[in-house]
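Report on the structure
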2 protein chains.
Amino acid sequence: MKARKIKNRKYHTIQDFIRKRIQGGTYPVGSYLPSENEICGQFSTTRTTVRKALDELLKEGFIEKEQGKGSKVVERRKSLGLLTVKGFSGSIDYEVKTIVTKGPKITQWDPIIPFALTEEEKKSDCVYFQRVRHINDRPVVLENNWYANDALQVIDSGEFIEGSFFKTLSQAYFIEVMGAEQELRSIPASQEVAKNLGIQEGIPILHISVRFRTSKPGLNLYGDLYCNTTDYPIRNSYFL
Amino acid sequence: MKARKIKNRKYHTIQDFIRKRIQGGTYPVGSYLPSENEICGQFSTTRTTVRKALDELLKEGFIEKEQGKGSKVVERRKSLGLLTVKGFSGSIDYEVKTIVTKGPKITQWDPIIPFALTEEEKKSDCVYFQRVRHINDRPVVLENNWYANDALQVIDSGEFIEGSFFKTLSQAYFIEVMGAEQELRSIPASQEVAKNLGIQEGIPILHISVRFRTSKPGLNLYGDLYCNTTDYPIRNSYFL
DNA sequence: AAGTGGTCTAGACCACGCG
DNA sequence: GCGTGGTCTAGACCACTTT
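Residues numbered from 1 in each chain as written. Chains lettered and ligands numbered in written order. Predicted model: local features only at pLDDT ≥ 70, side-chain atom pairs only at ≥ 80, totals over all residues. Heavy atoms only, no water.

1. Digging into the packing of aromatic side chains
Residues and elements named next belong to chain A. Per the stated rule, a full pass over the model turns up 20 aromatic pairs over all chains. Put simply, the rings of Phe129, Tyr147, Phe160, Phe165, Phe166 and Phe212 touch in pairs and so form one group of aromatic residues. If you follow Lys52 out to its NZ or CZ, it ends over the ring of Tyr11, 5.1 Å from the centre. (Phe/Tyr/Trp six-rings, centres within 6.5 Å; stacked < 30°, edge-to-face > 60°. Lys NZ or Arg CZ within 6 Å of the ring centre and 35° of its normal.)

Structure, rendered in C-alpha cells:
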C-alpha cells in the first residue's frame, strides 16, 4: 500500500534504456553500443553521467569495455549462476543438451527447498519443472525448479529459447537474475537420482540448493540440483 | 628483464595509500576513513578522483559506503574465498577452530593439484601445510595447501595471525587474494580423510580444488579441501 | 545547521586501436 | 590522424545522518 517515491537518476534512465535495447535485440551480442559522446548527445548530458550508466551495465554483465574501440555487448555469463559444469563454456569438445522431463505445471511447494519462502510465496501456488542436462549424450545433472505462480505465469517448456529458461526470462520477459545464494552438499545418490543419471544408487553426488533473485520484485527461482561430478566437475571462478 | 612502464594514475596512488593504511591498522575495521573532501585536500585533487579510488576499494571489499556518514572499513569477506561453511560468519552459534596438522615445510608439488602450474612454479620447490577446521569441536574440513617457495618464504604456523593464513598474508606481507578458480567434486571419503574428520570411510565428501591468485606476481595458493557437509553445508552468495 | 556521500555539469588532455 | 574510452579538474546542488 505504501508507495515508494524514487528519485529520478539520470544514469538510471540511460542504464535502463540501453539494457532494454540489449534485451530487445537492438544491440545484439557482439555489437558495439553507440560511443559515449553519441549517448551524451541523445540524452543531453555529460560523459560522467553516461559513464556511470555504462559502469552499471558493466557490473551487471551486459557489456565489456574495450579501450579505443567501444563498449561491446556480451553474453551474460554471470546469470548462468556462478557454477558451471567443467567445459560448459569455452570448449567445443562438449555437446550439451537439456531435456525437460517434468512440467512445467502448477503444484505445491516442495519441502526440500532449504530457503525460507516469503509470505507471498507461501500463499501462492508454485510452478514446477524438472530437467536433465546431458553432456556428450550422457546425463550429468538432474535439476528441479520452482517459482511462485503469483509472480510469473506458467511458461511452457516449448517456449524455452534455446532450451534455456534464463534466456527466455531475459529475452521474452525482460527479467534478469540479480544474484543467488547456494548450499552445497555431498550426498549418496537416491534411487530417483540414480535412475535419471544412469548411475548406481549410493554413489556420491553433489547436491546444490540455490535461490536466484531476479529483477522482478517478489520473483525468486528455486533450484535443486544433483550433479554427477565423476567425469564433469563443477567449476567456478571469481575475480575481485 | 623487461621493465613495464606503468603510467601513474592518481586514483591508484590514493587507492594504494588507503589500502596500506587499512592493512597496516591505521584505519582499523569498523572505523571510518577521512571524508572525501579531506582526502581531496591531502592529495590536492578533486572528488571525482577520490571517489574513483574509493570505488575501487569498495570493489576490492575493503570498505562500505554509508550515505551521510562516511566510508567504513569492513572485514574482507570476499578474500575468504567465495565458499564458506554455513554459519562461519554472522552467527555466534558456531565455535570455529583451526588446527595445523602438518608443516609448513618445504616439499615437492603434489600431483593431486588439478591446475596447470606455471613454469616458475614447476622449477621451484613448494611449501606445504595441512589444517583441520573444527566447528563446535568437531572436525569438518581437511585442508591441504601449497605455494611456490620461490615466490614466498616459509611462514611458520606460529606466525599465523588468529590462525588465519590469509590474514597473515594481508597484514604481515601486504599480499591480497585477487581471485580464485575452483573445481568441486563429490567423492567417497578416503582412509586419510575419514580418519581426520572422524567419519566412516566411503561417506560422500565434498572435494574442492582451488587456486587463489594473489596481488604478488607469480604467487598462487593451491588448496585441496575435503568437507564433511552432513551437518555443515557449504554456502555462497553472489550479487551482481 | 553542518557534514557526509550521491549526482551532475562542462569542460580538458591522455592512451589505445585502426585505417 | 581520428575516434574511442580513460583520467582528471573545478565547480554545483541534492539526499541523508547527526548534532
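2. Considerations on the nonpolar core
Ranked by internal contacts, the top residues of the largest apolar core, which has 70 residues, are A:Tyr147 and B:Tyr147. Membership of the second largest hydrophobic core comes to 16 residues, among which are B:Val50, B:Ala53, B:Leu57 and B:Phe62. (Core = buried A, V, L, I, M, F, W, Y, C linked by side-chain atoms within 4.5 Å. Buried < 20%, exposed > 50% of the residue type's maximum accessible area, 1.4 Å probe, protein only.)

3. Here's the deal with the environment of B:Gly218
All names here are of chain B. Mapped onto the elements, Gly218 comes out in the loop between β8 (204–214) and β9 (220–227). Residue classification places Gly218 among the exposed residues on the basis of a relative accessible area of 54%. Sequence separation between Gly218 and Leu152 is 66 residues, and the spatial gap between their C-alpha atoms is 9.5 Å. (Helix = DSSP H or I, 4+ residues; strand = E, 2+ residues; numbered from the N terminus.)

4. Side note on the domain arrangement of chain A
Interface size is commonly expressed as the accessible surface area that is lost when the partners come together. Residues and elements named next belong to chain A. Domain boundaries in chain A define domain 1 (10–73) and domain 2 (78–235). Taking only C-alpha atoms into account, the centre of domain 1 sits 31 Å from that of domain 2. Contacts between the two partners involve 5 residues from domain 1 and, on the opposite side, 5 residues from domain 2. Approximately 430 Å² of surface area, both sides summed, lies buried where domain 1 meets domain 2, with 55% of it carried by carbon and sulfur atoms. Inspection of the region where domain 1 meets domain 2 yields 0 salt bridges. Residues belonging to the side of domain 1 that touches domain 2 are distributed by class as follows: 2 nonpolar, 2 polar and 1 charged. (Domains from an automatic or database assignment. Contact = heavy atoms within 4.5 Å. Buried area = accessible area lost by both parts, 1.4 Å probe. Salt bridge = Lys/Arg side-chain N within 4 Å of Asp/Glu carboxyl O. Nonpolar A, V, L, I, M, F, W, Y, C, P; charged D, E, K, R; others polar.)

5. Quick look at helix α2 (residues 36–43) of chain B
All names here are of chain B. Residues Glu36, Ile39, Cys40 and Phe43 constitute the buried set of α2. Angular distribution of buried residues about the axis of α2 spans 110°; they occupy a single face of the element. For α2, exposure combined with an orientation more than 90 degrees from the buried face picks out Asn37 and Gly41. Phi turns positive one or two residues past the end of α2, at Ser44, with a value near 50°. (Arc of directions from axis to C-beta.)

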